[in-house]
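# What the coordinates show
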Amino acid sequence: MATGLDRIDVKILRLLQEDGRIGNAELAKRVNTSPATCHRRTQRLFDEGYFRGVRAVVAPEKVGRGSLVLVGVVLDRSTPESFSAFEAAALAMPTLLDCHLVAGDFDYFLKIRVSDMADFNRMHSEILIALPGVRQTRTFFVMKEVIDNAPLSL
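Read on for an overview of the structure. In this text, all values refer to a predicted model and were calculated from it rather than measured experimentally.

## What about the pattern of salt bridges?
This structure, assessed with the given rule, holds 13 salt bridges. Two residues, Asp119 and Arg65, come together in a salt bridge whose shortest N-O distance is 3.6 Å. Of this pair, Asp119 sits in helix α5 (residues 117-126) while Arg65 sits in the loop between α3 (35-47) and β1 (67-75); the two residues are 54 residues apart in sequence, bridging distant segments of the chain. You can call Arg65 partly exposed: its relative accessible area is 32%. Asp119 is the partner of Arg122 in a salt bridge, and the nearest nitrogen-oxygen pair spans 2.9 Å. On the criterion of helical spacing, the pair formed by Arg122 and Asp119 is a turn pair, its members being three residues apart in helix α5. Since its relative accessible area comes to 37%, Arg122 is described here as partly exposed. In this structure, a network of salt bridges that share partners links the residues Asp6, Asp9, Arg41, Arg44 and Glu48.

Next comes the structure, spelled out in structure tokens:
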């Protein structure tokens, strides 16, 4: 376990990871501390960067983004400048959920949400292959999301 965390801190991390909407009073009850102590500990965990943020997870199918696509990207050059240009352009893509620089057959792996295959086809031809330095892409349509964004095991 990370240095400086005791069992109460770990319980707070676990509980907030499961439900970011839990109130301080309920959180304090579950970790067996006073609300004031729980609030101080939670604030310290946020201040020390143990949480990147708190947000609601939107159901993609409810907002017309029910299809998940993974795309492996190979760039034409492996230079800091080409990586930087690609990453800057990727940051501007509204349907892009994740972008990871990876080792292996691809330079990047992208996780994209679209409405359907036709939507992806349009986005692929207009945006993806026009990203700086893209030499090749390989597309994987997700048939079933078995685990998505699972909480970290603490």
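More follows now that the structure is in view.
## Focus: unusual backbone geometry
Of note in this structure, Asn32 is not a glycine but carries a positive phi near 65°. Structurally, Asn32 is set in the loop between α2 (24-31) and α3. In this structure Asn32 comes out as exposed when scored by relative accessible area, which is 70%. At Asn149, a position not held by glycine, the phi torsion is positive, near 55°. Looking at where Asn149 falls in the secondary structure, it is placed in the segment after β4 (134-141). Asn149 gets classed as exposed once you look at its relative accessible area, which sits at 63%.

## As for the pairing of β1
Along β1, seven of the nine residues are buried, which leaves the element largely enclosed by surrounding structure. Summarising the sheet, β1 and strand β3 (residues 108-114) pair through seven bridges and their orientation is antiparallel. When the bridges of β3 are listed, Ser67 appears paired with Val114. Note: β1 against β4, seven bridges, orientation antiparallel. Among the inter-strand pairings, Val69 is bridged to a residue of β4, identified as Phe141.

## What to know about the layout of surface pockets
Of the voids in this model, the largest pocket is the one considered here, and its volume is about 1700 Å³. Lining the largest pocket are 39 residues, with Gly53, Arg55, Val57, Asn149 and Ala150 positioned closest to its centre. Put simply, the parts of the chain that give the lining of the largest pocket at least two residues each are α1 (7-18), β2 (96-101) and β3. Counted by class, the lining of the largest pocket contains 21 nonpolar, seven polar and 11 charged residues. Each of domain 1 (7-48) and domain 2 (60-141) gives at least three residues to the lining of the largest pocket.

## Things to note about the packing of aromatic side chains
One pass over the full model with this rule turns up six aromatic pairs. Ring geometry for Phe120 and Phe141: centres 5.4 Å apart, planes at 85°, overall edge-to-face. With Phe120 in helix α5 and Phe141 in strand β4, this residue pair connects regions lying 21 residues apart in the sequence. For Phe120, a relative accessible area of 5% translates into the label buried. Ring pairs connect the aromatic residues Phe83, Phe86 and Tyr108, which therefore count as one cluster.

Conventions and cut-offs
- Residues numbered from 1 in each chain as written.
- Predicted model: local features only at pLDDT ≥ 70, side-chain atom pairs only at ≥ 80, totals over all residues.
- Heavy atoms only, no water.
- Salt bridge = Lys/Arg side-chain N within 4 Å of Asp/Glu carboxyl O.
- Helix = DSSP H or I, 4+ residues; strand = E, 2+ residues; numbered from the N terminus.
- Buried < 20%, exposed > 50% of the residue type's maximum accessible area, 1.4 Å probe, protein only.
- Pairing = 2+ DSSP bridges.
- 1 Å grid on protein atoms, 1.4 Å probe; cavity = no way out; pocket = protein on both sides within 12 Å on 5 of 7 lines; lining within 4 Å.
- Points joined across faces, edges and corners; volume = space filled by probe spheres on them.
- Nonpolar A, V, L, I, M, F, W, Y, C, P; charged D, E, K, R; others polar.
- Domains from an automatic or database assignment.
- Phe/Tyr/Trp six-rings, centres within 6.5 Å; stacked < 30°, edge-to-face > 60°.

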